[in-house]
There are 2 protein chains.
Amino acid sequence: MTIRSIAVIGLGAMGLPMAARLAAGGFEVRGFDPVDQRRQLATAAGVRPADSIRTAADGADCVLLAVRDGAQAEQALFGPDGAEPALHPGTAVIVTSTIGAAAVGALAAAVAERGALFVDAPVSGGPRRAGEGDLLVVVGAPDAAIEGVRPVLDRLASTLTIVGPRPGDGQLLKTINQLLAGVHIAAAAEAIALARGAGLEPGVVVEALSTGAAGSFMLQDRGPRMLEALTGDPEVRSRVDIFVKDMALVAGLAAETHVPTPLAAAAGQLYLLAERAGLGAHDDSTVVTLLTGGAARTPEPDENRGERR
Amino acid sequence: MTIRSIAVIGLGAMGLPMAARLAAGGFEVRGFDPVDQRRQLATAAGVRPADSIRTAADGADCVLLAVRDGAQAEQALFGPDGAEPALHPGTAVIVTSTIGAAAVGALAAAVAERGALFVDAPVSGGPRRAGEGDLLVVVGAPDAAIEGVRPVLDRLASTLTIVGPRPGDGQLLKTINQLLAGVHIAAAAEAIALARGAGLEPGVVVEALSTGAAGSFMLQDRGPRMLEALTGDPEVRSRVDIFVKDMALVAGLAAETHVPTPLAAAAGQLYLLAERAGLGAHDDSTVVTLLTGGAARTPEPDENRGERR
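Structure report, in brief. Since the model is a prediction, treat every value here as computed from it, not as a measurement. (Residues numbered from 1 in each chain as written. Chains lettered and ligands numbered in written order. Predicted model: local features only at pLDDT ≥ 70, side-chain atom pairs only at ≥ 80, totals over all residues. Heavy atoms only, no water.)

**Focus on helix H5 (residues 101-113) of chain B**
Residue and element names in this part refer to chain B.
1) Next: A rise of 1.5 Å per residue sets the reference length of H5, with its 13 residues, at 18 Å; its end C-alpha atoms lie 18 Å apart and thus fit the reference within 8%.
2) Next: Of all the positions in H5, only Val104, Leu107, Ala108 and Val111 are classed as buried. Down the axis, H5 shows its buried residues gathered within 105° of arc, on one side only. Turned more than 90 degrees off the buried face of H5, the exposed positions are Ala102, Ala106 and Glu113.
3) Next: Gly115, located one to two residues past H5, shows a positive phi value of around 85°. (Helix = DSSP H or I, 4+ residues; strand = E, 2+ residues; numbered from the N terminus. Expected span 1.5 Å × (residues − 1). Buried < 20%, exposed > 50% of the residue type's maximum accessible area, 1.4 Å probe, protein only. Arc of directions from axis to C-beta.)

This is the structure in structure tokens:
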């Protein structure tokens, strides 16, 4: 199979830059998102807009899902407007979203029944790196399926880690990635809040501790945004409600495998508390304000929580 | 003042290599530890052994504490065998241990009454780096006091961070360092245990995730030892009971400042559970075995918990 045309379903924070990057790489990209503004942005970025998932997928060699969660992925493929009619031998489905191994397993089985390839390929790295083809992509799929979609993955990934042959293997490693990321963000928030509470300059935590034994990518990346969150509202680069979803996937996997994860559980509760405090659509660095009490929070309308990312 | 002679009190994992490094740097170093074997090791490393704290401190320009906790520090200075008689104007006390800001504040006031300088200088980096003068030293002291002991600090530190002028400022930043370090170790343990529980090769977590958004110094440093702990008992480089003590300091500071730190609290409980499971004197990477249930644990006699470090 040779992939020439790609339907990108979901033009959110990750889907839009991925679609734009694929279009700039010579693929014929059709994009769908229920939000008009996202379709307009995609059009400006060289993506052909579609007015439904089915239209986007019709005739495409590859359907790439960049939706928010498992329910949206299921709808995108098998809902009333789903891509299902376009799936047949010679086509491929790539799931770039973090939706968990169980959801991916069910979708993979249903896609296999249509004879199409299925590649579990959740991505990590954020919007900017998505637009530069600098993502970490963790893949669960048999070699033959990976080879089939290789040009697409190579256009998006600077690092491609093949975790195992089962759809869901990629999701498992991504879930563990999110456990660490979610805990490290919360830990950075606690460190900055405690420094402030103890009368230290909070910036000293980020400056003095980021590169030593206490260092983490998240302390270095989110630390400066947390300092900003103490007095303002940082630009949204990664939403709180993404971690609400992802820590729930961690909790589900932990329950299923009977592995105690007390810190991940505490972090999950913190993101839920942040969401309830009106921070769901704010940058995840704003969780620090829950601990300092210094938040200027603006409750968000519920529909934002259903937005495709 | 010019420091020529130094009494090092506590020749444990950190005290011994620091004493040896100071001796090799031309200082006249007398060392005391209640454990015979530690004094013998110190002697072999060029340190003059003393049979009591008082003998070690008598006539010394500087008393450097490398003891386990606040109670030991108090005893070392003001106990029946304490260094107190040797403290007077022209001498200095350096506390390299992590004992918390409150304990340091009390000691600093008592030392000031004797006219001696007091420098709060907890260290970070572990035994190997202690022997190489490659420690992170976070200092709380007025400039004049720091200048007085500068040759000693410079011999031990590759990075010297002056947090503030108050004794205790160094302890505060070190406490926050330990919050992050303790949480990151526990997070790495959860990630490795969950990967294993989910049927992934646990090593893939360390290999694939250490350098990305999920990365931390502790995942990189303790990760490989945790993999070793799944089937054996790694060499002890940092003891579980050190984090029992340090997470208690974190909890104390959090309570005092009314800052919620749910992850640090959960991590503290994990170290306590590990200690109760007989892992107190084992490497802190062995906490992973609490989560996997794969531990081969050897309960330790209680006296080990009182050992000077």
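**A few points about the pairing of strand S2 (residues 28-32) of chain B**
Residues and elements named next belong to chain B.
1) Next: In terms of burial, S2 is a largely internal element, four of the five residues being buried.
2) Next: Pairing between strand S1 (residues 5-9) and S2: five bridges, direction parallel. Across the sheet, Ser5 pairs through a bridge with Glu28, a residue of S2.
3) Next: Tracing the backbone out of S1, into helix H1 (residues 15-24) and back to the parallel element S2 gives a crossover that is right-handed.
4) Next: Examined bridge by bridge, S2 and strand S3 (residues 48-49) share two bridges and lie parallel to one another. By the bridge assignment for S3, Gly31 is matched with Pro49.
5) Next: A crossover connection joins S2 to the parallel S3 through helix H2 (residues 36-44); in handedness this β-α-β unit is right-handed. (Pairing = 2+ DSSP bridges. Right-handed = clockwise from strand over helix to strand, strands pointing away.)

**A few points about the relation of the copies chain A and chain B**
1) Next: Once turned by 180° and shifted 0.0 Å along the axis, chain A lies on chain B with an RMSD of 0.0 Å. Here the transformation between the copies is reduced to the relation of a two-fold axis. For chain A, the smallest separation between a C-alpha atom and the rotation axis is recorded for Ser216 of chain A, amounting to 2.0 Å.
2) Next: A symmetric contact is evident, with 100% of the interface residues of chain A recurring at the interface of chain B. (Least-squares fit on C-alpha atoms with pLDDT ≥ 70 in both. Contact = heavy atoms within 4.5 Å.)

**Focus: the interface of chain A and chain B**
1) Next: With 52 residues of chain A in contact, the opposing surface of chain B contributes 52 residues.
2) Next: By the criterion of area lost to chain B, the three top residues of chain A are Glu190, Leu194 and Leu263 of chain A, representing 17% of everything that side buries.
3) Next: Across the chain A-chain B interface, the total number found is zero salt bridges.
4) Next: Summed over the shared surface of chain A and chain B, the number is six residue pairs in polar contact (both at pLDDT 80 or more).
5) Next: Taken together, the elements giving at least two residues each to the side of chain A that touches chain B come down to strand S9 (157-164), helix H8 (169-197), helix H9 (203-209), helix H10 (217-229), helix H11 (240-257) and helix H12 (262-279) of chain A.
6) Next: Considering each element in turn, the side of chain A that touches chain B owes the most residues, 19 residues, to H8 of chain A.
7) Next: Residue classes in the side of chain A that touches chain B are distributed as 38 nonpolar, eleven polar and three charged. (Buried area = accessible area lost by both parts, 1.4 Å probe. Salt bridge = Lys/Arg side-chain N within 4 Å of Asp/Glu carboxyl O. Polar contact = N/O pair within 3.5 Å; in protein donor to acceptor, adjacent residues only side chain to side chain. Nonpolar A, V, L, I, M, F, W, Y, C, P; charged D, E, K, R; others polar.)

Nothing here speaks to function; it is all geometry.
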